[in-house]
Amino acid sequence: MSVSREEALRIAQLAELDVDDAALPELAEQMSRIIDYVAQLSAVPANGTVKAFVPGPDAIRFRADEVNPAPLAFGPAEFAPAFKEGFFLVPKLDQFE
Amino acid sequence: MSDAPAKAVADRLVKAKRLNALLTPPKDLRKSLSAQAAAARPTGVLYGMPVAVKDNICTLEFTTSCGSRILEGYRSPYEATAVAKLKAAGALIAGKTNCDEFAMGSSTEHSAYGRVLHPLDKTRVPGGSSGGSAALVAAGAVPAALGSETGGSVRQPAAFCGVVGIKPTYGRVSRWGLVAFGSSLDQIGVFGRSVHDAARVLSVISGRDPRDATCEDRDPLRLPTVPESLQGFVIGLPREYFPAELDPAVRRACDRAVRHLKDLGASVREVSLPHTPYAVPTYYVIAPAEASSNLARYDGVRYGPRFDGHADVRSLYRTTRGQGFGPEVRRRILVGTYVLSSGYYDAYYRRAQQMRSLIAQDFRNVWDRGVDLLFTPTVPTPAFKAGEKLADPIAMYMSDVFTVTANLAGLPAMSLPIGRVKGLPIGGQLIGQAFLEDEMIEAAYALERVVPATDEA
C-alpha cells in the first residue's frame, strides 16, 4: 500500500478532518488505490518545458481598485451557527497549535 | 401571470417525487412558484418556463445544501448570476435538485439526502453528479434544468437519462454563485428535453459578468438556426474514444449516428487524441487538489450546522468536517491534501498540470488540421445498477473517461440521445472548439432531427 495508516492519519490532520480509528484501515486502502492509479502519470517523461494549462481569459482583466461589495439579502446572523454583535463566535483558542 | 401555470408546474414536480430528484419541500415549492409567477416579466424570452436548479447553485428562494449535511438548511444571502439571468428572462426557478455531495460523483448515490432513481428503471442510477436535474427533465417534470460540470456531471447523466446536456466553454457562463469544487474546471451547464430547450436556456445564462474574473468579456451566445444540411462540416472521430472494450450497443448507436452525420453532408474522418488515456488520472489529481482547498471553508464557523463534541476551535473544525462530509467528499479532500503535500507536489500535482497541457494541445492539433467538431460516445456504457460501483471508486471514476477531457481543455461539449439498449438511453457526444458552441449546437440540431433517439441500437 502506498499510503500507510499513519500517513492517512497525518493527511487527515492536515485536512482538519476527524477520522474514526475503525475507519482508518479502509480509508488508507482506498487512498492507496487512488494514489496508485494516478501514479501512472509518472510513467510519462517529465517535460520541464510544458507549461501548466489554465483555461479562461488569456489576460487577467484588472478592475478599478474600489471596494464594491456584493449586495446581500440578509446578514451572517441568518446563516452562521453562532454570531453576535458583528462577530462569528467560536470556542476558546488556547489549545490551537 | 395567473396562478394556474405555477400550480401546474408544482403538480408535475410533486408527481415525480418517487425519483427523489427534488430537494425542495412541496409546500415551499408551491408558495415560491406562485410568488415568482406573479412577479415574472412577461417580455422575457423564457417567460413562464420552469427551470429546476442543481442544489450547488445559490438561490434566494430556496436553501442551497450541495447535497451535504455540512450545509443542511443553508440559505444563501445572494443568488447566482445564472439564476438572476433566468429570472430576468421570465423563467420560474422550479426548486433545487438532488446531486452528489458537492458535485462529487457519477451516480447521484453520494447525496446526504438519498440516491436519485433512474426515471426508466428504479434499480439503476441516473448518472451524476447532476442526476436530480437530469431525472426531472427526463420524467417530463420540467423542460429544462441547470446542472454543473467539473468532469462530466451534466453530459453523463444526460446520456444515462436520455436528455440533452450542454457544458459550455470554460468562461462562457459566470460561476458567481456556483459553489466551488474545482475552480479551474467548474462550469454551469444545462439540461433540456430537446437541443433547442437546452440551447435557449444556455443563451440566456451566458455572457459577461464583472463578478467573475474567469468569465469572458463576451456577449451572450447567439443561437444558430436549424441547418438544412451539414455540408462543409468536418467531424472527427477520435480513435481513443472507440476502444475494443466499448459496449457493443453503444458502438452500434454511434455507428448509426455517424451514418446520419454523413447523410447530412458532413465530412467524417478518424483523428487521434493520443493523451486521452491519461485524462482520468490527471483529473483525479487536479479536481481533488482544488476541492481540498475550496472545501477548507466549511469548518462550522460561518455556515451550516455546527456539530457537537468540541472542546476548542480546532476540534470544532475537525468534528464538524468529520461528521458533516460524506465518504466520497472525505476521500477526495484527503487525496487532494495528499497530492498537494510537501514531497508529493511535484510527483503528482505538477505532473498532472503538465499532462493537462498536453491534453489541451491534442485538441488544438486536431482543430489545426481542419476538423470543426468531434463526435464520440458520451459514456462507455448505459446506466449502471445502483450500488454496482459504490465500493470501487476507480470503477466509478471510469464512467467519466470520455467526458473529463473537455473539462480539462476548457472546451464546449454536449450529449444528445442517439438510441437505446434494452430500453436504456445511449448518449452521443459532440465536442467543439472554444466559444464555438453555435457550430456544435447547429450540428446537434441537424442530428437530433434524423437520429432515431428512442429506437434500439
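In this text, all values refer to a predicted model and were calculated from it rather than measured experimentally. (Residues numbered from 1 in each chain as written. Chains lettered and ligands numbered in written order. Predicted model: local features only at pLDDT ≥ 70, side-chain atom pairs only at ≥ 80, totals over all residues. Heavy atoms only, no water.)

A. A look at the overall build of chain B. The number of helices and strands found in chain B is 14 helices and 10 strands. Rg of the C-alpha trace for chain B: 21 Å, near the compact-globule value of 23 Å for 457 residues, within the 12% margin. Judged by the C-alpha coordinates and their principal axes, chain B covers about 65 × 65 × 45 Å. Within chain B, the proportion of its 457 residues that are buried is 65%. Considering only intrachain contacts with a sequence separation of at least 6, the fraction spanning at least 24 residues in chain B is 75%. Working note: accessible area of chain B is about 14700 Å², and carbon and sulfur atoms make up 51% of it. Positive and negative charge centroids in chain B, built from 54 and 45 side chains respectively, lie 4 Å apart. (Helix = DSSP H or I, 4+ residues; strand = E, 2+ residues; numbered from the N terminus. Rg over C-alpha atoms; globule rule 2.2 N^0.38 Å. Buried < 20%, exposed > 50% of the residue type's maximum accessible area, 1.4 Å probe, protein only. Contact = heavy atoms within 4.5 Å. Areas by Shrake-Rupley, 256 points an atom, 1.4 Å probe, with all protein chains shown as cover. Lys, Arg positive; Asp, Glu negative; His and termini not counted. Charge placed at Lys NZ, Arg CZ, Asp CG, Glu CD.)

B. Summary view of the domain arrangement of chain B. All names here are of chain B. Domain parsing of chain B yields domain 1 (3–205) and domain 2 (280–347). Domain 1 and domain 2 are separated by 26 Å when their C-alpha centres are compared. If you look at the interface, domain 1 gives 20 residues, while domain 2 gives 23 residues. It is Ile70, Met104 and Phe181 that lose the most area in domain 1 upon contact with domain 2, and together they represent 36% of the buried surface on that side. In this assembly, domain 1 and domain 2 are joined by 0 salt bridges. Here the residues of the side of domain 1 that touches domain 2 are counted per class, giving 9 nonpolar, 8 polar and 3 charged. (Domains from an automatic or database assignment. Buried area = accessible area lost by both parts, 1.4 Å probe. Salt bridge = Lys/Arg side-chain N within 4 Å of Asp/Glu carboxyl O. Nonpolar A, V, L, I, M, F, W, Y, C, P; charged D, E, K, R; others polar.)

C. Main features of the nonpolar core. All names here are of chain B. If you look at the biggest cluster of nonpolar residues, it comprises 170 residues, and the most contacted ones within it are Leu86, Phe102, Leu146, Phe363 and Phe375. Each of domain 1 (3–205) and domain 2 (280–347) contributes no fewer than three residues to this core. Ignoring anything within four residues of it in the chain, the contact list for Phe363 reads Tyr241, Leu273, Leu374, Thr405, Ala409, Leu411 and Ile431. (Core = buried A, V, L, I, M, F, W, Y, C linked by side-chain atoms within 4.5 Å.)

D. Structural view of the packing of aromatic side chains. What the rule picks out here adds up to 19 aromatic pairs over all chains. Each ring, one from Tyr284 of chain B and one from Tyr397 of chain B, has its centre 3.6 Å from the other, and the planes form 5°; the classification is stacked. With Tyr284 of chain B in helix α8 (residues 279–294) and Tyr397 of chain B in helix α12 (residues 393–397), this residue pair connects regions lying 113 residues apart in the sequence. This pair shows no difference in class: Tyr284 of chain B is buried, exactly as Tyr397 of chain B is. The interplanar angle of 85° and the centroid separation of 6.5 Å between the aromatic rings of Tyr298 of chain B and Phe325 of chain B together place this pair among those described as edge-to-face. Here Phe325 of chain B lies in the loop between α9 (313–324) and α10 (327–340) and Tyr298 of chain B lies in the loop between α8 and α9, a separation of 27 residues in the sequence. With respect to class, Tyr298 of chain B is no different from Phe325 of chain B; both count as buried. Feature note: the residues Phe74 and Phe79 of chain A together with Tyr74, Phe102, Tyr298, Tyr303 and Phe325 of chain B constitute an aromatic cluster, connected by ring pairs. Sitting above the plane of the Phe435 of chain B ring, Arg218 of chain B keeps its charged end 3.8 Å from the centroid. One residue, Lys389 of chain B, lies across the ring of Phe384 of chain B, its end atom 4.9 Å from the ring centre. (Phe/Tyr/Trp six-rings, centres within 6.5 Å; stacked < 30°, edge-to-face > 60°. Lys NZ or Arg CZ within 6 Å of the ring centre and 35° of its normal.)

E. Region of interest: the environment of Tyr345 of chain B. Residue and element names in this part refer to chain B. Summarising the element assignment, Tyr345 is placed in helix α11 (residues 345–368). Overall, the relative accessible area of 34% leaves Tyr345 in the partly exposed class. Apart from the residues lying within four places of it in its own chain, the contact partners of Tyr345 are Val339, Leu340 and Arg350.

F. Representation of the confidence of the model for chain B. Here chain B averages 96 in pLDDT, and 100% of its residues register 70 or above. The ipTM for the predicted assembly is 0.92, set against a pTM of 0.97. (pLDDT = per-residue confidence, 0-100.)

G. Representation of the packing of α8 of chain B against α10 of chain B. Residue and element names in this part refer to chain B. For the pair α8 and α10, interaxial distance at closest approach is 7 Å and the crossing angle is 100°. Considering their axes alone, α8 and α10 lie roughly perpendicular with respect to each other. Along the contact surface, α8 presents Tyr284, Val285, Pro288, Ala289 and Ser292, while α10 presents Arg332, Ile333, Val335, Gly336, Thr337, Val339 and Leu340. Grouping the constituent residues of the contact of α8 with α10 by class yields 8 nonpolar, 3 polar and 1 charged. (Axes fitted to C-alpha atoms, helices over the stretch in contact; angles between N-to-C directions. Parallel < 35°, antiparallel > 145°, perpendicular 65-115°, else oblique.)

H. The arrangement of the interface of chain B and chain A in detail. On the chain A side, the residues contacting the 73 residues of chain B number 56 residues. Both faces considered, chain B and chain A share a buried interface measuring about 5600 Å² in area, 67% of it formed by carbon and sulfur atoms. Interface area lost by chain B to chain A is led by Arg314, Arg318 and Leu334 of chain B, which between them contribute 13%. One can count 3 salt bridges joining chain B with chain A. In this structure, Arg33 of chain A engages Asp392 of chain B in a salt bridge whose closest nitrogen and oxygen atoms are separated by 2.8 Å.

I. Representation of the pairing of strand β4 (residues 164–167) of chain B. Residue and element names in this part refer to chain B. Taking every second residue as pointing to the same face, both faces of β4 are buried, with Val164 and Ile166 on one and Gly165 and Lys167 on the other. Here β4 pairs with strand β5 (residues 187–192) via 3 bridges, running antiparallel. In the sheet register, Val164 faces β5, and the bridge partner there is Gly192. Pairing of β4 with strand β9 (residues 413–421), which is carried by 3 bridges, proceeds in the antiparallel orientation. Bridge pairing links Ile166 to Met414 in β9. (Pairing = 2+ DSSP bridges.)

J. Looking closely at the side chain of Ser148 of chain B. All names here are of chain B. Checked against the element boundaries, Ser148 lands in strand β3 (residues 144–149). Judged by relative accessible area, Ser148 falls into the buried class, the value being 3%. Within the local environment of Ser148, its side chain forms a polar contact with the side chain of Asn56, the two groups lying 2.9 Å apart. With residues up to four places along the chain from it excluded, the contact list for Ser148 reads Lys54, Asn56, Ala103, Ser130, Ser153, Val154, Leu178, Gln187, Ile188 and Gly189. (Polar contact = N/O pair within 3.5 Å; in protein donor to acceptor, adjacent residues only side chain to side chain.)

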